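# Structural features, examined
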Amino acid sequence: MELRRKFLKGGASAALLAPLLGTGLLVPGRAWAANEWKRNAFTARSSADALKNLGIAAAMESRDVVINAPEIAENGAKVEVEISSKLPNTRSLLLLADKNPMPLCAEINFAGAALPYAKVQLKMAETMRIRAIVRTADGKTHVAFREIKVTLGGCGG
Amino acid sequence: MSEPIRIRAQIQGEIADIRILMQHPMETGQRRDENGQTLAMHFIQLFTVKLNGQLLVEGQLNTSISKNPLFAFKARGVKAGDKLSVHWTDNNGAERQDEMTIA
C-alpha cells in the first residue's frame, strides 16, 4: 500500500515536471531527493502547529538532549546551534525557534555511521527560546530548550 | 549557476568531524531590495550527505537557516580514501552535488 502510494505520487510529479524537462530548467536524476519537503510543517506559524503536523504529541524533557548555543547572539542572521543526543538509537532531530515567523527550522535524520550530532546556523527574529526534539527508534520523542538573547534580529531587511 | 559545496573532514581517532558549507542565498521572502521590491523566497529544502554512496545524513530545511550555511556532523569509522558527497535541492528545483575524497 505504502509502496503503491509512493509510486503514484512519483508518477504524478513526473507528469507535472515533464514539460519543464525540455527547457533545460530541470535535469533528470531527481531520485536523489526521494523525500518530499514537509511543506505543512515548515510553513506552520507556531511550534505547536508544526509539531501537530509532524505527529508529535508530547515530547518528554530530557537532559540527554544537549543544546550548545551562545547565551547572547549579536547577529540574529547567523546563530550557531550545536545539538547532540546521548539517547541510544537516536534517529532524527527537529530544530524549532519558537518566535520565528515559521518556527520549524530543520529536520535532520541520521543513518549508517552518523553520530546523533549536528551543528546548524539559524536566523533568529528576536530573543527567544529554541527547542531541539530528538526521536529515537522506539518512536519516543525527547526535548531540550534553550533561551538565546538576540541583539539584532536576522529575518527582515 | 550555483556555487560549489565545500566539504571538509577531519578524522580524530574513531570519529570524523564533517563540515559542509552550502553556498546559497537562503532568501526568506521577507526582505526587500533598495527599490522596495520583495526578494523572492529562495532556499535549500532538501539535502543528503553520503559516505561511499551510503546515506549518512538527510535533512530538510526552512528559510530560517542562515545564508551560506555551515553544517557540522560526525561519523564513526571514516578512513582516508573514503568519499563524502553532498547534494541539495532548493525550492526552485535547482540542485547541486559535490564530492570529496578524505585525505
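Anything mentioned here points back to the structure above.
In what follows, the accompanying structure is described. (Residues numbered from 1 in each chain as written. Chains lettered and ligands numbered in written order. Predicted model: local features only at pLDDT ≥ 70, side-chain atom pairs only at ≥ 80, totals over all residues. Heavy atoms only, no water.)

### What about the environment of B:K83?
Residue and element names in this part refer to chain B. Short version of the rule: Numbered from the N terminus, helices here are DSSP runs of H or I no shorter than four residues, and strands are runs of E no shorter than two. Using a 1.4 Å probe on the protein chains alone, a residue whose accessible area is under 20% of its type maximum counts as buried, one over 50% counts as exposed, and one in between counts as partly exposed.
Topologically, K83 is positioned in strand β6 (residues 83-90). Judged by relative accessible area, which is 36%, K83 ranks as partly exposed. Sequence spacing of K83 and Q54 is 29 residues, and the spatial spacing of their C-alpha atoms is 9.9 Å.

### Considering the environment of B:Q23
Structurally, B:Q23 is set in the loop between β2 (15-21) and β3 (44-51). As for B:Q23 and B:S2, which are separated by 21 residues in sequence, their C-alpha atoms are 7.6 Å apart.

### Remarks on the packing of aromatic side chains
Residue and element names in this part refer to chain B. What counts, and what does not: Ring geometry is summarised as follows: Phe, Tyr and Trp rings, the Trp one being its six-membered ring, pair when their centres sit within 6.5 Å, and such pairs are stacked at plane angles under 30 degrees, edge-to-face over 60 and tilted between the two.
Under the defined criterion, the tally for this structure stands at 5 aromatic pairs over all chains. Relative to F71, the ring of F47 lies with its centre 5.3 Å away and its plane at 35°, an arrangement referred to as tilted. In this pair, F47 sits in strand β3 while F71 sits in strand β5 (residues 70-76), placing the two residues 24 residues apart along the sequence. You can call F71 buried: its relative accessible area is 1%.

### Side note on the interface of chain B and chain A
What counts here: The contact criterion used throughout is that any non-hydrogen atoms of two residues lie within 4.5 Å. The term buried area refers to how much accessible surface (probe radius 1.4 Å) is lost by two components on association, counted for both of them together. For this analysis, a salt bridge means a side-chain nitrogen from Lys or Arg found within 4 Å of a carboxyl oxygen belonging to Asp or Glu. In protein, a polar contact requires one atom able to donate a hydrogen and another able to accept it; more generally it is a pair of N or O atoms within 3.5 Å, and residues adjacent in sequence count only if both atoms are side-chain atoms. Following the grouping adopted for this structure description, the nonpolar residues are Ala, Val, Leu, Ile, Met, Phe, Trp, Tyr, Cys and Pro, the charged ones are Asp, Glu, Lys and Arg, and the polar ones are all others, Gly among them.
Taken together, the contacts link 39 residues of chain B with 41 residues of chain A. Carbon and sulfur atoms make up 54% of the surface buried where chain B meets chain A, a total of about 3,400 Å² over both sides. It is B:Q60, B:S64 and B:K74 in chain B that bury the most area against chain A; as a group they hold 20% of the surface buried on that side. Linking chain B with chain A are 0 salt bridges. At the surface where chain B touches chain A, the tally comes to 22 residue pairs in polar contact (both at pLDDT 80 or more). Mapped onto the side of chain B that touches chain A, the elements with two or more residues apiece are β3, β4 (54-61), β5, β6 and β7 (95-101) of chain B. Classifying every residue of the side of chain B that touches chain A gives 16 nonpolar, 16 polar and 7 charged.

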